[in-house]
Amino acid sequence: MTTSLRTWVRYLLALGSHYSGLDALYRRCRGAGLVILMLHRLRDDHDPYPLSVPRAQLRQIVAWLRERSALVALGDGLASLSSIRAPRVNYALTFDDGYRDNLGLVDGALGREPVPAVVYVATGHIGGEPIWAYRVVHAVESRSRDQIDLGGLGLGHFDLSLADDRHRLYTLLPPRLKTLKPAELQTWVDRICEQARPRPLPHDDRDMLEWDDVRRLAANGVEIGGHTCSHAILSRLDDSAASEEIGLSRASIAAELGQAPRHFAYPNGSNADFGDRDVRLVREAGFETATTSIEGVNRRGADPYRLRRYNVHEDRFRAPSGRLSRALFFSETSGMLGWLREWRAA
Ligand SMILES: [Zn+2]
């Protein structure tokens, strides 16, 4: 099936299940659930990675959830799973990494009422260099040289003056880099920066939050969670490095905010990126919950250290017309389409 045909089929299925009432019926039959949305960046300009949501889109999603009284804080959503009150599906918002644009949560861009959310910060990046993926973006977008040789990674040569080559680099490089050990990954990102020689980033354009920003988020009701120090993928680390990444990130947040974080998110978060050892380390460090990037609705009895999340980015719930679709959003995250996806993946 071609991509555009698949998009149409998916959209028509969503419309059918949402407006026929099938979706609502499915939700009633399945009982209580918690949908955790995983976002990264809140920005309106173009992002070469699928990691951004424009503010207007999030404002719309928040309005839909408020209409249903379904937007809750993560901890409340988990507690409500075991409540005996009428079972319902609630939604919680989470943001990974600690981008400065997350300040949109508290600067009025989403309305006057505070929006409950957890922002998971990689503490080593607070006030510093962006996560490696955006160091690559900056190297490419602000380059002073066009020729990049990634033969050592088996990816060949790129001429960054060509849009096709930039697109190819953004598509091929991240999955290749994620297979490397953390030190090797950093070496390769350094090498790409050396070759592209990007112009220095002005302070006002910095990507990451500073500690003052983090305190401002916390003071306005946003919960701050842990996400390691260096954003290392835990399964690639030995025991002591994994323990240090988890423990030190928690200690830094506690020291800077005067309160220890309750929530943690595994960097990258797929089944291959963390294991039983990391679950144990996160629990022993004192965190109460941990989220993955494995998709699905959390049901009664869900393991609080393996919570599922839906990745949300600007194209995820768009109708073929380009508009954000309410039918796609609800049928994918808590309705029939989400169920179909899980069933096919099983
Ligand atoms: Zn992350």
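Everything numeric here is computed off the predicted structure, so don't read it as measured data.

A. Region of the structure containing the overall build of the protein. Helices and strands together make up the secondary structure of the protein, namely 12 helices and 11 strands. Taking 20 Å as the expected radius of gyration for a compact globule of 346 residues, we find that the protein reaches 20 Å, a close match to that expectation. Considering only C-alpha atoms, the protein reaches an extent of 60 × 50 × 40 Å along its principal axes. Counting only contacts in the protein whose residues sit at least 6 apart along the sequence, the fraction spanning at least 24 positions is 71%.

B. Spatial organisation of the packing of helix 9 (residues 239-257) against helix 10 (residues 276-285). Interaxial distance between helix 9 and helix 10 falls to 10 Å at its minimum, and their mutual angle equals 35°. Seen along the crossing, helix 9 lies across helix 10 with a hand that is right-handed. Along the contact surface, helix 9 presents Asp239, Ala242, Ser243, Ile246, Gly247 and Arg250, while helix 10 presents Arg277, Asp278, Leu281, Val282 and Ala285. Looking at side-chain class alone, the contact of helix 9 with helix 10 contains 5 nonpolar, 2 polar and 4 charged residues.

C. Geometry of the pairing of strand 1 (residues 33-39). Within strand 1, 7 of the 7 residues are buried, which leaves it mostly tucked inside the rest of the structure. Of the two faces of strand 1, the one holding Gly33, Val35, Leu37 and Leu39 and the one holding Leu34, Ile36 and Met38 are both buried throughout. Summarising the sheet, strand 1 and strand 4 (residues 89-97) pair through 7 bridges and their orientation is parallel. In the sheet register, Val35 faces strand 4, and the bridge partner there is Tyr91. Two elements, strand 1 and strand 11 (residues 310-311), share 2 bridges in a ladder whose sense is parallel. Opposite Met38, over in strand 11, you have Asn311 as the bridge partner.

D. Inspection of the nonpolar core at higher detail. If you look at the biggest cluster of nonpolar residues, it comprises 82 residues, and the most contacted ones within it are Leu37, Val119 and Val121. Formed jointly, this core draws a minimum of three residues from each of two domains, domain 1 (31-125 + 208-314) and domain 2 (132-196). Not counting residues up to four positions away in its chain, the partners in contact with Val119 are Phe95, Gly98, Asn102, Leu217, Val222, Ile224 and Gly225.

E. Inspection of the environment of Pro182 at higher detail. When you line up the elements, Pro182 lands in helix 7 (residues 182-196). Taking the number of C-beta atoms within 10 Å as the measure of exposure, Pro182 has 18 and is therefore partly exposed. Apart from residues no more than four positions distant in its own chain, Pro182 is found in contact with Ser230, Ala232 and Arg236.

F. Spotlight on the domain arrangement of the protein. Looking at the assigned domains, one finds that the protein contains domain 1 (31-125 + 208-314) and domain 2 (132-196). Of note, the centres of domain 1 and domain 2, computed from C-alpha atoms alone, are 28 Å apart. Between domain 1 and domain 2, the contact holds 7 residues from the first and 6 residues from the second.

G. Quick peek at the packing of helix 11 (residues 326-333) against helix 12 (residues 336-345). Two elements in contact, helix 11 and helix 12, have axes whose closest approach is 4 Å; the angle formed by their N-to-C orientations is 45°. Here helix 12 runs oblique to helix 11, going by the angle between their axes. Between helix 11 and helix 12 lies a crossing whose hand is right-handed. Only Met336, Leu337 and Gly338 of helix 12 make contact with helix 11, whose side of the interface consists of Ser331, Glu332 and Thr333.

H. Summary view of unusual backbone geometry. Unusually for a residue other than glycine, Asp97 sits at a positive phi of about 95°. Within the secondary structure layout, Asp97 lies in strand 4. A positive phi angle, near 65°, is found at His231, a position not held by glycine. With respect to the helices, strands and loops of the structure, His231 is situated in the loop between strand 8 (223-226) and helix 9.

I. Just the environment of Gly156, in detail. Within the secondary structure, Gly156 is located in strand 7 (residues 156-159). Beyond its immediate sequence surroundings of up to four residues, Gly156 is in contact with Leu150 and Gly151.

J. Representation of the environment of Val279. Secondary-structure assignment places Val279 in helix 10. A sequence separation of 11 residues divides Val279 from Ala290, and the C-alpha atoms of the two residues are 8.0 Å apart. Ignoring any residue separated from it by four or fewer positions in sequence, one finds Val279 in contact with Phe274, Ala290, Tyr305 and Arg306.

Rules of the game
Counting restarts for each chain: residues are numbered from 1 in the order of the written sequence. In keeping with the model being predicted, local features are shown solely for residues with a pLDDT of at least 70 and side-chain atom pairs are shown and tallied solely at 80 or more, while totals for entire chains, interfaces and linings include all residues. Here a strand is any run of E in DSSP of at least two residues, a helix any run of H or I of at least four, and the numbering for each starts at the N terminus. All radius of gyration figures rest on C-alpha atoms, and the globule criterion is 2.2 Å times the number of residues raised to 0.38. Here, residues touch in the contact sense if the C-beta positions derived from the backbone fall within 7 Å of one another. Here an angle of 0 to 180 degrees is reported between the N-to-C directions of two axes, which are lines fitted to C-alpha atoms, with helices fitted over the stretch in contact. Two helices that cross are described as forming a left-handed crossing if the nearer one is turned anticlockwise from the farther one by less than a right angle, and a right-handed crossing if clockwise. The residue classification treats Ala, Val, Leu, Ile, Met, Phe, Trp, Tyr, Cys and Pro as nonpolar and Asp, Glu, Lys and Arg as charged. All others, Gly included, are polar. As a rule, residues whose C-beta atom has 12 or fewer other C-beta atoms within 10 Å are exposed, those with 20 or more are buried, and those in between are partly exposed; C-beta atoms are placed from the backbone. The pairing criterion is simple: DSSP has to find at least two bridges between the two strands. By convention in this section, buried Ala, Val, Leu, Ile, Met, Phe, Trp, Tyr and Cys residues joined through C-beta atoms within 7 Å make up a nonpolar core. Boundaries between domains were set according to an automatic or database domain assignment. Every angle not falling under 35 degrees, over 145, or within 65 to 115 is termed oblique; those three ranges are roughly parallel, roughly antiparallel and roughly perpendicular.

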